[in-house]
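Here's the letter readout for the chains.
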Amino acid sequence: MKDTDLPFVGLHAHSTFSLNDGFGYPQEHQEFAYENGMDALALTDHGTCAGLSYAILNAKKMREEGRKFKAILGVEAYFIADVEEWRTIYDAIREDKKAARALKKRESATTAETDGSSKETSVGELPKYRHLILLAQNQVGLNNIYSIVSESHDENHFYRRPRVDFNLLRKYSEGVICTTACMSGPLSGLWWKHREEGDEAIQAAMTGYLNQFIDIFGDRFYGEIQWNSIPEQHQINRHIIQACLREGVKIVSTADSHYPRQDSWRDREMYKRLGWLSRGTPSWITEDDLKMPESVDAIGYELYPKNGQQMWESYKKYTADCGVEYDDDLVRDSISLTHWIAHEQIEDFEVDTTIQLPDFVVPEGQTADNALTTMSIEGLKSKGLTTEEYIDRLKYELDVIHTQGFSKYFLTMKAIADKANEVMATGPARGSASGSLLAYVLNITQVDPVRFGLPFERFMTRDMKGMPDIDFDVSEPALLKEKLAEEWGEFSVVPISNWNTLQLKSLIKDIGKFMKIPWSEVNEVTGKMLIEATPTAKKANGIKAGIYVPTFDEVMAYSPTLKAFLSKYPDVATHATALNGNIRALAKHAGGVLVADDLNKHMPLIKSKGTWQTPWCEGMNVRHLEPLGFIKFDILGLSTLTMIQQAIVHILKRHHDVENPTIEDIKTYYDKNLHPDSINFDDQTVWDNVFHSVNSAPGIFQFMEDGMRGFCEQAKPNNLTELSAVTSLFRPGPLMMKTDQ
């Protein structure tokens, strides 16, 4: 960690979650900031707080390692003075045919964030959104920022961007610090709008805005100035300084960092250009702008997490380049003030990670533990399982669950299962949850673990870390989520997001297109590289069967065609390596949802294509929800269930004279003939015809692959225990040990 004489903390910073504008993950920015002598850094991505989970968890990790570092949590919001006034103007423009055509043309244009967005002009008199920095002073402020971001995505505020206005800021101002952002900020916007009218008009407009911000935020509001070689920046700085000094508003300098290290500027420039190619090039971009700059000086700014000395050097360099002068003492104070804000005004608070589960699943007047006990006993009785063995097993499971504090989780899971069982086919059980008698008597699963000898301890123990995880299979997951949201509210059932990332194949295509490499060459390498690399990668990992996707490094190492291509075009290798894994687009988890009370108040929700989604992810590669107190419920669509449901419909129509089978009819037939409690598992005809021939019934889950079916034909299982052994042995780990032989 470097020493720096001039204290400074970056209060304005972007990561790859500022899509195609910021570059690198939040933890990369934090790690460099620490190396560079900093003890704190803000994260203020555009319009969302999607990167905050990385910042929170990495800063915690750094502190646990003995590296004192403070994550400052915020957002660079899109600001417009008055959404209602904007809507009135918008509706009037739509009535004017000529203006409406210009508006429609703009609406179809790119929505990617750009450095030059301040150059965009309004259509007619339609006000343009501006940028505004909001930082959490404490947990109250963080929750308020979450509410601001969530509401900015609703239909009243969203137009091409999630937007905030003075009214929304006033509603949620407590514990929030505000600065005026960059050349696209609200004060800068007034300079762009009134510059032809002269200094007095600019100052008068700025005074009006400043008084409103002061009224909302008081001494938590700051004017923001920045340092670069753009001439307009210095004119804006001059006016912001003049207006703020007159109105008694303190001033901060920011680095507005957009990439994690000094030498990352080339990769960020490529990332921006790939975004333009995929989303559409902004109207103000010229052919020269599309070309990669030769040096960072050609860009006119350096946007990495600077320390105080580097901020001072930037100030001196760029003012000399532009031939302008400032009050050195004022600038020095504006740099050091950021450190006071970060460590004195912003509190040292641990982000609230209290487990969020819904209260509405607990019957009024009961505790979660009491309710779960009552429901499970009723379920045990309804199934006629009243022997001592079952009673003792249920008592044991309830004791473990109560000790762990998981009662509300099971009540939520039961509520989901109850709704699903009303409207569609549901799966018998998946994974270790089938070992829970409690789940069985609550009708979450359909497998009696006592009958089949399944241990509860595979699913849960007294000293288990983390929450339970029950995968729940249904025939129509979208319909179920819709029904749950209708009953419990749109902010209580929220799908989990995935963030699609840049991968090697798409990067080679995109970079190749940008560099104008012949498409035939690009197509050849992307078509061959996985085919070439996969066998060698599987062999290197000792994998004999199953699908395997080589890692980025493995494809780079094991594909001769790719090696030759990258040798010919080394810049592709440089940029692809750096850009790999950065964010490409927002997506949705296949089945995961959160179920809790008022999630919009506890996380900054995103709305995509009309559906609310979480900003943070939970999956194999990223686990950010549970560490922050949010529990994933997996509602998974299984096509086999749809086929079973449709097969029952045909059976009822053809053989039972049921003209229009209802879900109740389907369930009745299923319970009588196909439920695990009803099936005869000793029917040797099934074992002979389904599991003893490599060519039979290829549509069975986990038995569709040729290798598995061949192994099954050799093993010839005749009961569930033997079938379980077959599925256990035919997995990558056991196959590596040749246990199948």
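As the structure is a prediction and not an experimental result, all values here were calculated from the model.

Rules behind the numbers
Residues numbered from 1 in each chain as written. Predicted model: local features only at pLDDT ≥ 70, side-chain atom pairs only at ≥ 80, totals over all residues. Heavy atoms only, no water. Helix = DSSP H or I, 4+ residues; strand = E, 2+ residues; numbered from the N terminus. Disulfide = S-S within 2.5 Å. Buried < 20%, exposed > 50% of the residue type's maximum accessible area, 1.4 Å probe, protein only. Polar contact = N/O pair within 3.5 Å; in protein donor to acceptor, adjacent residues only side chain to side chain. Phe/Tyr/Trp six-rings, centres within 6.5 Å; stacked < 30°, edge-to-face > 60°. Lys NZ or Arg CZ within 6 Å of the ring centre and 35° of its normal. Axes fitted to C-alpha atoms, helices over the stretch in contact; angles between N-to-C directions. Parallel < 35°, antiparallel > 145°, perpendicular 65-115°, else oblique. Left-handed = near helix turned anticlockwise from the far one by under 90°. Contact = heavy atoms within 4.5 Å. Nonpolar A, V, L, I, M, F, W, Y, C, P; charged D, E, K, R; others polar. Expected span 1.5 Å × (residues − 1). Pairing = 2+ DSSP bridges. Salt bridge = Lys/Arg side-chain N within 4 Å of Asp/Glu carboxyl O. Core = buried A, V, L, I, M, F, W, Y, C linked by side-chain atoms within 4.5 Å.

Overview of the environment of Glu524
When you line up the elements, Glu524 lands in helix H22 (residues 519-540). Residues Glu524 and Phe565, 41 residues apart in the sequence, show an inter-C-alpha distance of 9.6 Å.

Looking at the state of the cysteines
In the structure shown here, the tally under the stated rule is zero disulfides. In this structure Cys49 is a free cysteine whose sulfur lies 14 Å from that of Cys178, the closest cysteine sulfur available. Assessed through its relative accessible area of 1%, Cys49 is described here as buried. Left without a disulfide partner, Cys178 is nearest to the cysteine sulfur of Cys244, which lies 11 Å away.

Side note on the side chain of Asn307
Note that Asn307 resides in the loop between helix H12 (296-299) and helix H13 (308-322). In this structure Asn307 comes out as buried when scored by relative accessible area, which is 5%. Among the polar contacts listed, one links the side chain of Asn307 to the backbone oxygen of Asn36, at a separation of 3.1 Å. At 3.1 Å, the side chain of Asn307 and the backbone nitrogen of Gln309 are in polar contact.

Overview of the packing of aromatic side chains
The relative placement of two aromatic rings is captured by the distance of their centres and the angle of their planes. This structure, assessed with the given rule, holds 37 aromatic pairs. A cation over an aromatic ring shows up here: Arg67 above the ring of Tyr34, its NZ or CZ 5.5 Å from the ring centre.

What about the packing of helix H15 (residues 368-382) against helix H17 (residues 407-423)?
Where H15 contacts H17, the two axes come as close as 8 Å, and the packing angle between them is 50°. Judged by the angle between their axes, H15 and H17 are oblique. Like other packed secondary-structure pairs, H15 and H17 cross with a definite hand, here left-handed. Only Ser407, Lys408, Phe410, Leu411 and Lys414 of H17 make contact with H15, whose side of the interface consists of Ala368, Asp369, Ala371, Leu372 and Met375. When the residues that make up the contact of H15 with H17 are grouped by side-chain class, the tally is six nonpolar, one polar and three charged.

Focus on the packing of helix H21 (residues 504-514) against H22
Running from amino to carboxyl end, H21 crosses H22 at an angle of 175°, the nearest separation of the two axes being 10 Å. Between H21 and H22, the angle falls in the class roughly antiparallel. Mapping the contact onto sequence places Leu504, Lys505, Ile508, Lys509 and Gly512 in H21 and Trp519, Val522, Val525, Thr526 and Met529 in H22. Of the residues in the contact of H21 with H22, the class split is six nonpolar, two polar and two charged.

Observations regarding unusual backbone geometry
You will see that Asn443, though not glycine, has its phi angle at about 65°, which is positive. The residue Asn443 is located in the loop between helix H18 (437-441) and helix H19 (449-452) in this model. Here Asn443 falls in the partly exposed class, since its relative accessible area comes to 38%. Although it is not a glycine, Lys716 adopts a positive phi angle of roughly 50°. Examined against the element boundaries, Lys716 turns out to sit in the loop between helix H29 (706-715) and helix H30 (720-729). Residue classification places Lys716 among the partly exposed positions, given a relative accessible area of 40%.

Quick notes on helix H10 (residues 265-279)
Its 15 residues place the ends of H10 21 Å apart at the C-alpha level, agreeing with the 21 Å of an ideal helix rising 1.5 Å per residue. With 11 of 15 residues buried, H10 is to be regarded as a mostly interior element. Residues of H10 that are buried include every one of Trp265, Asp267, Arg268, Glu269, Met270, Tyr271, Lys272, Arg273, Leu274, Gly275 and Trp276, and no others. Packed against the buried residues of H10 are helix H11 (287-290), H12, H21, helix H25 (570-579) and strand S10 (583-595).

Notes on the pairing of strand S3 (residues 130-136)
Summarising burial for S3: seven of the seven residues are buried, a large majority. Both strand S2 (residues 70-79) and S3 contribute to a ladder of six bridges, which runs antiparallel. Paired with Phe79 across the strands is Arg130, a residue of S3. For S3 and strand S5 (residues 176-179), the ladder comprises four bridges, and the chain directions are antiparallel. When the sheet's bridge partners are listed, Ala136 is paired in S5 with Val176.

What about the pattern of salt bridges?
Any two side chains of opposite charge can pair, so long as their charged atoms come close to each other. On inspection of all chains with the given rule, the structure shows 32 salt bridges. A salt bridge links Glu65 to Lys61, with the shortest nitrogen-to-oxygen separation between them at 3.2 Å. We classify Glu65 as partly exposed; its relative accessible area is 47%. Arg273 is paired through a salt bridge with Glu269; the nearest N and O atoms lie 2.7 Å apart. Of this pair, Arg273 and Glu269 both sit in helix H10, four residues apart, which is roughly one turn of the helix. Residue Arg273 shares its accessibility class with Glu269, and that shared class is buried.

A closer look at the nonpolar core
Judged by nonpolar contacts, the single largest core of 80 residues is most densely connected at Leu52, Leu134, Leu169, Phe213 and Phe217. It is helix H8 (residues 199-217) that provides the largest number of residues to this core, a total of eight residues. Discounting residues that sit within four places of it in the chain, Leu169 has contacts with Phe79, Leu132, Leu134, Ile148, Val164, Phe213, Ile216 and Phe217. With 49 residues, the next largest nonpolar core counts Tyr390, Tyr440, Val441 and Val493 among its residues.

Some thoughts on the sheet that holds strand S9 (residues 493-501)
Taken together, four strands build an open sheet; the order of strands is S8-S13-S10-S9 and the sheet is mixed. Strands at the two margins of the open sheet, each flanked by one partner only, are strand S8 (471-474) and S9. Between one strand axis and the next, the sheet turns by 50° as a mean value, whatever way the strands run. Direction of pairing for S10 relative to strand S13 (residues 632-637): antiparallel, over a ladder of three bridges. Each bridged residue has a counterpart across the sheet, and for Gly592 the counterpart in S13 is Asp634. Each of S8, S9, S10 and S13 touches helix H20 (residues 477-488); the most contacted strand, S13, lies at about 140° to it.

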